[in-house]
Amino acid sequence: MLSTLLSAFWIMVPAYVPNPVAALCGGGTPIDFDRNHSDGRRLLGDGKTYRGLACGVLAGITVGALQIWLAGTRGWTFLPQHTAASIVILSLGALLGDMGKSFVKRRLGKKRGEAWPIADQYDLVIGAFILMLIFDPSWLLANITFPVLVIILILTPILHRVVNIIGYLYGVKKEPW
Ligand code: CTP
Ligand code: MG
């Protein structure tokens with residue numbers, strides 16, 4: 001149980017890092033270049049910026065590289081093995097999932113920052129796993145076992161909440177979700 005929890009966390013770190021880092025360093029040119037969809041609403045909105053995307057993905061990859069280095073030098077073979085591909089896919093997938101969610105939010109008429117329960121918590125997991133399924137399905141099958149998946153589905157909303165409350169208290173996030 002504890003080792004499954006540790007494995008789930010270790011796997012997800014490169015996917016968990018990008019969102020809070022994007023919130024810290026985001027701003028500037030929006031990814032949709034201010035463009036509207038045919039429904040007259042923004043494609044993604046001002047909450048999705050190139051700077052946020054770039055810093056977030058770079059931070060996820062950096063922390064993932066640190067994990068690979070740590071596990072290698074300490075001989076932590078009990079942990080799931082990250083690879084160059086896995087850390088890039090998880091970091092990028094997390095923020096692509098976040099962008100996909102914003103796209104759907106705008107189509108539903110939800111404003112930037114408006115809460116959308118469940119989607120807000122799982123966008124990163126869905127984005128990361130879809131990208132992994134496309135580019136490295138063998139890594140996904142080898143590492144995301146059923147118990148690990150269950151733990152990820154329980155752990156993610158809890159961490160999401162905790163991190164967002166911290167971000168809100170420090171004034172980084174406008175809303176505590
Ligand atoms: N952010 C960014 N670029 C990204 C993702 C996030 O700049 N690709 C920054 C934005 O400043 C954003 C903040 O991180 O406001 C929080 O991210 P998130 O909660 O995902 O965005 P929201 O502002 O809530 O927008 P949305 O309603 O589209 O989810
Ligand atoms: Mg939000």
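Please refer to the structure higher up on the page.
Calculation notes
Sequence order as written defines the numbering, with residues in each chain counted from 1. Both sets of labels track the order of writing: A upward for chains, 1 upward for ligands. Given that this is a predicted model, residues contribute local features only at a pLDDT of at least 70 and side-chain atom pairs are listed and counted only at 80 or more, while totals for whole chains, interfaces and linings are drawn from all residues. Working from all heavy atoms in the structure, the side-chain values ignore hydrogens and water. For this text, the term disulfide refers to a pair of cysteine sulfurs within 2.5 Å. Here a helix means four or more residues in a row that DSSP labels H or I, a strand means two or more in a row labelled E, and each is numbered from the N terminus. Between buried and exposed lies partly exposed: a residue is buried under 20% and exposed over 50% of the maximum accessible area for its type, with that area taken using a 1.4 Å probe on protein chains only. Contacts described as polar in this section are N or O atom pairs within 3.5 Å, which, within protein, must combine one atom able to donate a hydrogen with one able to accept it, while residues neighboring in sequence count only if both atoms come from side chains. In this description, contact between two residues means that some pair of their heavy atoms is separated by no more than 4.5 Å. For each residue, the test is whether any non-hydrogen atom lies within 4 Å of the molecule or strand; if one does, the residue is near. For the area figures, the Shrake-Rupley method with a 1.4 Å probe applies, and any residue is considered shielded solely by the protein chains shown. Residue polarity follows a fixed list, in which Ala, Val, Leu, Ile, Met, Phe, Trp, Tyr, Cys and Pro are nonpolar, Asp, Glu, Lys and Arg are charged, and the others, Gly among them, are polar. Patch membership requires over 30% relative accessible area and the absence of a salt bridge. Like charges are linked within 9 Å, and nonpolar side chains (Val, Leu, Ile, Met, Phe, Trp, Tyr) within 5 Å. Salt bridge criterion: a side-chain nitrogen from Lys or Arg within 4 Å of a carboxyl oxygen from Asp or Glu. With a 1 Å grid laid over protein atoms only, a set of points is called a cavity when a 1.4 Å probe fits there but cannot get out and a pocket when it is open yet has protein on both sides within 12 Å along at least five of seven lines; lining residues have an atom within 4 Å of a point. Grid points are joined across faces, edges and corners, and a volume is the space filled by probe spheres set on the points. Here a Phe, Tyr or Trp ring, Trp counted by its six-membered ring, pairs with any other such ring whose centre lies within 6.5 Å, and the pair is stacked when the planes are under 30 degrees apart, edge-to-face when over 60, and tilted otherwise. By the criterion adopted, a ring carries a charge over it if an Arg CZ or a Lys NZ lies within 6 Å of its centre and within 35 degrees of its normal.

1. A look at the state of the cysteines
- Following the criterion strictly, the structure yields 1 disulfide and no others.
- Sulfur-sulfur distance for the disulfide between C25 and C55 comes to 2.3 Å. What sets the handedness of the C25 and C55 disulfide is the S-S torsion sign, and at about 135 degrees it is right-handed. Within this pair, whereas C25 is found in helix 2 (residues 18-25), its partner C55 is found in helix 3 (residues 50-74), the two being separated by 30 residues in sequence.
- According to the relative accessible area criterion, C55 is partly exposed, its value standing at 24%.

2. Thoughts on the side chain of Q121
- By the secondary structure assignment, Q121 is in helix 5 (residues 119-135).
- Look at Q121 and you get buried, because its relative accessible area is 18%.
- In this structure the side chain of Q121 is engaged in a polar contact, spanning 2.7 Å, whose partner is the backbone nitrogen of I118.
- Those residues within four positions of Q121 in sequence are excluded, and the remaining contacts are T156, P157 and H160.

3. Details of the site of ligand 1
- Taken together, 18 residues lie around ligand 1, and K48, T49, S102, R106 and G113 are the ones closest in.
- A distance of 2.7 Å is found between an oxygen atom of ligand 1 and a side-chain nitrogen or oxygen belonging to S102.
- Within the complex, 90% of the 570 Å² of free accessible area of ligand 1 lies under protein.
- Sorting the residues of the shell around ligand 1 by element identifies helix 2, helix 3 and helix 4 (84-107) as the ones contributing at least two each.
- If you tally residues by element for the shell around ligand 1, the top one is helix 4, at 5 residues.
- Broken down by class, the residue content of the shell around ligand 1 amounts to 3 nonpolar, 7 polar and 8 charged.

4. Brief notes about the environment of G171
- With respect to the secondary-structure elements, G171 resides in the segment after helix 7 (146-169).
- According to the relative accessible area criterion, G171 is exposed, its value standing at 59%.
- Put simply, G171 and L24 are 147 residues apart on the chain and 9.7 Å apart in space, counted from C-alpha to C-alpha.

5. Focus: a nonpolar patch on the surface
- Residues L24, F146, V150, I154, I158, V162, I165, I166, Y168, L169, Y170 and V172 make up a contiguous nonpolar surface patch of about 1200 Å² in total accessible area.
- For Y170, the location among the structural elements is in the segment after helix 7.
- The exposure class assigned to Y170 is exposed, which follows from its relative accessible area of 70%.

6. What to know about the layout of surface pockets
- By volume, the largest pocket amounts to about 1200 Å³.
- In terms of lining, the largest pocket is formed by 45 residues, of which the most central are N19, P20, A22, A23 and K173.
- Its residues assigned to classes, the lining of the largest pocket comprises 21 nonpolar, 12 polar and 12 charged.

7. Remarks on the packing of aromatic side chains
- Using the criterion set out here, one finds 4 aromatic pairs in the structure.
- With a centroid separation of 6.1 Å and 75 degrees between ring planes, the pair formed by W10 and W76 is classed as edge-to-face. Pair noted here: W10 is in helix 1 (residues 2-16) and W76 is in the loop between helix 3 and helix 4, with a separation of 66 residues, a long-range link.
- Between W76 and F78, the ring centres sit 6.4 Å apart and the planes meet at 50 degrees, which makes this aromatic pair tilted.
- What makes F78 exposed here is its relative accessible area of 55%.
- One aromatic cluster is present, formed by W10, W76 and F78 through successive ring pairs.
- Directly above the ring of F103 sits R107, whose terminal nitrogen or CZ lies 4.8 Å from the centroid.

So, to be careful, I would describe these as geometric facts and stop short of saying anything about function.
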